[in-house]
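Given next are the chains, with one letter for each unit.
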Amino acid sequence: MTLRLSAVTRRFAGGTVALDAVELELPTDAYVCVMGPSGSGKTTLLRIVAGLEPLDEGTLSLDGEPLTRVPAERRPVHTVFQDHALFPHLDVLDNVAFAARIAGEPRERARAEAAALLEELGLPPQLGARRPATLSGGEAQRVALARALVRHPRVVLLDEPLAALDRGRRAELRRMLHRLQRRHGVGFIHVTHDPQDALALADHVVVLAGGRVREQGPPAELYRRPRTMLGARLLGELTPVPGRCDAWLRPERLRVLEPGVERGRMTARVIRVALLGPQWEVELELDGQPGLAWCDRPPQGERCDLDWDPDDVLSFPS
Ligand code: ADP
Ligand code: MG
């Protein structure tokens, strides 16, 4: 169950190499998140898998079957576009049923399948009769997902699907994406810049930069033991190890202690304390160097002691 990209290269006019000899083996029964700075080739990668963008070099295959020359409409791949691309003149149910209708299914059966999917996505049955223009962003996103799943594709491609939603809706839809991927056993390839998406959803994370794969692996591994500074920063925040400029910690690994109660390795000045929700964020200063710690209890005074476990220290080859 693998989508394989071998030496995939895509160049654009003007000399941009959007993908540069990319080698990837992605599981198609799992949730994959693709991360990378803007312009790193994420969208181009999805468009190439969808067949919407030609390759200049390289090959694609799905479970050993060549995919490179299969036209987009015959690939078992469905793209959920950022603007949802729903048909404005069809009601929601016909939008979801559309692909099944094109494939020759009778209208009533296609609409019944569509209705079942809308229900699975937590949408009320009355919504099926509405036009896309009357939907909220979150509703339209769910309809687009229902439409992606109706023809049982092998791979669903999602380009920043949660970016336009507010925080609450994003968390809700994130849980739904995870359930859908697991329940339908479809491969999801989801481009995101939000570490929360990658940490909560992905079985496998791919980090792209400059059209190349820089790092990949399970998200917990990339979080705890990133091999590149880029991977480390895409998955979460870093703070310098006090007194060093070539080593970092995750902020929750920098322990903040009350001076005089417990003794740490160093003492720092507390610049600012803020409640983030589940944790406190403490901005620190030590010998002119800034620091950041996340902790359960904020320090009480103007100074605090700092401690950390050497095993948590991250450093990267330059
Ligand atoms: P990302 O989605 O990671 O932001 P893209 O895949 O959209 O990156 O783009 C990768 C690079 O290719 C960028 O430098 C972008 O400007 C360039 N690019 C993308 N599409 C085209 C195009 N149709 N014509 C020219 N350059 C393009
Ligand atoms: Mg993009």
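As a reminder, the structure under discussion sits directly above these lines.
As the structure is a prediction and not an experimental result, all values here were calculated from the model. (Residues numbered from 1 in each chain as written. Chains lettered and ligands numbered in written order. Predicted model: local features only at pLDDT ≥ 70, side-chain atom pairs only at ≥ 80, totals over all residues. Heavy atoms only, no water.)

**A short note on the sheet that holds strand S10 (residues 212-217)**
The following threshold applies: One bridge is not enough; two strands pair if DSSP finds at least two bridges between them. Helix numbering and strand numbering both begin at the N terminus, where a helix is a DSSP run of H or I of at least 4 residues and a strand a DSSP run of E of at least 2. A fitted line through C-alpha atoms represents every axis, and for helices the fit uses only the stretch in contact; the resulting angles, taken between N-to-C directions, go from 0 to 180 degrees. Contacts were defined at the residue level, with two residues in contact if any of their heavy atoms lie within 4.5 Å.
Spatially, 6 strands are ordered S6-S7-S8-S3-S9-S10 in an open sheet, and the strand pairing comes out mixed. Unpaired on one side and paired on the other, strand S6 (77-80) and S10 mark the two borders of the sheet. If you compare each strand with its neighbour and ignore which way they point, the axes differ by 20° on average. As paired elements, strand S7 (residues 155-159) and strand S8 (residues 187-191) share 5 bridges and run parallel to each other. Residue pairing in the sheet places Leu-157 in a bridge with Ile-189 of S8. The strands that helix H1 (residues 42-50) touches are strand S3 (31-35), S6, S7, S8 and strand S9 (204-209); relative to S7, the one it contacts most, it runs at about 150°.

**Some words on the pattern of salt bridges**
Two side chains that carry opposite charge are able to pair once their charged atoms sit near each other. Note the following rule: What makes a salt bridge here is a side-chain nitrogen of Lys or Arg within 4 Å of a carboxyl oxygen of Asp or Glu, nothing more. Burial classes follow relative accessibility: with a 1.4 Å probe on protein chains only, a residue under 20% of its type's maximum area counts as buried, one over 50% as exposed, and anything between as partly exposed.
Following the criterion strictly, the structure yields 27 salt bridges and no others. We note a salt bridge from Glu-105 to Arg-109, for which the minimum N-O separation is 3.7 Å. A residue is classified by how much of its surface remains accessible, and Glu-105, at 12% relative accessible area, is buried. Across the pair Arg-130 and Glu-139 runs a salt bridge, and its minimum N-O distance is 3.7 Å.

**A closer look at the site of ligand 1**
Selection rule: Distances are taken per atom, and a residue is near a molecule or strand as soon as one of its heavy atoms is within 4 Å of it. In protein, a polar contact requires one atom able to donate a hydrogen and another able to accept it; more generally it is a pair of N or O atoms within 3.5 Å, and residues adjacent in sequence count only if both atoms are side-chain atoms. The protein chains shown are the only cover counted for residues, whose accessible areas, like all others here, come from Shrake-Rupley with a 1.4 Å probe. Each residue receives one of three labels: charged for Asp, Glu, Lys and Arg, nonpolar for Ala, Val, Leu, Ile, Met, Phe, Trp, Tyr, Cys and Pro, and polar for the others, Gly being one of them.
Around ligand 1 lies a shell formed by Phe-12, Thr-16, Ala-18, Pro-37, Ser-38, Gly-39, Ser-40, Gly-41, Lys-42, Thr-43 and Thr-44. Here an oxygen atom of ligand 1 and a backbone polar atom of Gly-39 are 2.7 Å apart. One nitrogen or oxygen atom from the side chain of Thr-44 is found 2.5 Å from an oxygen atom belonging to ligand 1. Starting from 560 Å² of accessible surface for ligand 1 in isolation, the protein chains cover 59%. Looking at the shell around ligand 1, the element that brings in the most residues is H1, giving 3 residues. Within the shell around ligand 1, the residues separate by chemical class into 3 nonpolar, 7 polar and 1 charged.

**Overview of the side chain of Asp-159**
Selection rule: All tallies of charge rest on Lys and Arg as positive and Asp and Glu as negative; His and the ends of each chain are not included.
Position of Asp-159 relative to the elements: it lies in strand S7. The charged side chain of Asp-159 is buried without a salt bridge, its nearest counter-charge being Lys-42 at 6.9 Å. One polar contact links Asp-159 to Thr-43, side chain to side chain, over a distance of 2.7 Å. With residues near it in sequence (within four places) discarded, Asp-159 still touches Thr-43, Leu-46, Val-80, Gln-82 and Val-191.

**Let's talk about empty space enclosed by the protein**
Rules: Each cavity reported here is a set of points on a 1 Å grid over the protein atoms alone in which a 1.4 Å probe fits but cannot get out, each pocket an open set with protein on both sides within 12 Å along at least five of seven lines, and each lining residue one with an atom within 4 Å of a point. Grid points are joined across faces, edges and corners, and a volume is the space filled by probe spheres set on the points.
The final tally for this structure, using the stated rule, is 1 cavity of 30 Å³ or more. Approximately 60 Å³ is the volume attributed to the largest cavity. In terms of lining residues, the largest cavity is bounded by Pro-240, Pro-242, Leu-254, Ala-268, Leu-284, Glu-285, Leu-286, Gln-289, Pro-290, Gly-291 and Leu-306. Mapped onto the lining of the largest cavity, the elements with two or more residues apiece are strand S15 (280-286) and strand S16 (289-295). Of the residues that constitute the lining of the largest cavity, the class distribution is 8 nonpolar, 2 polar and 1 charged.

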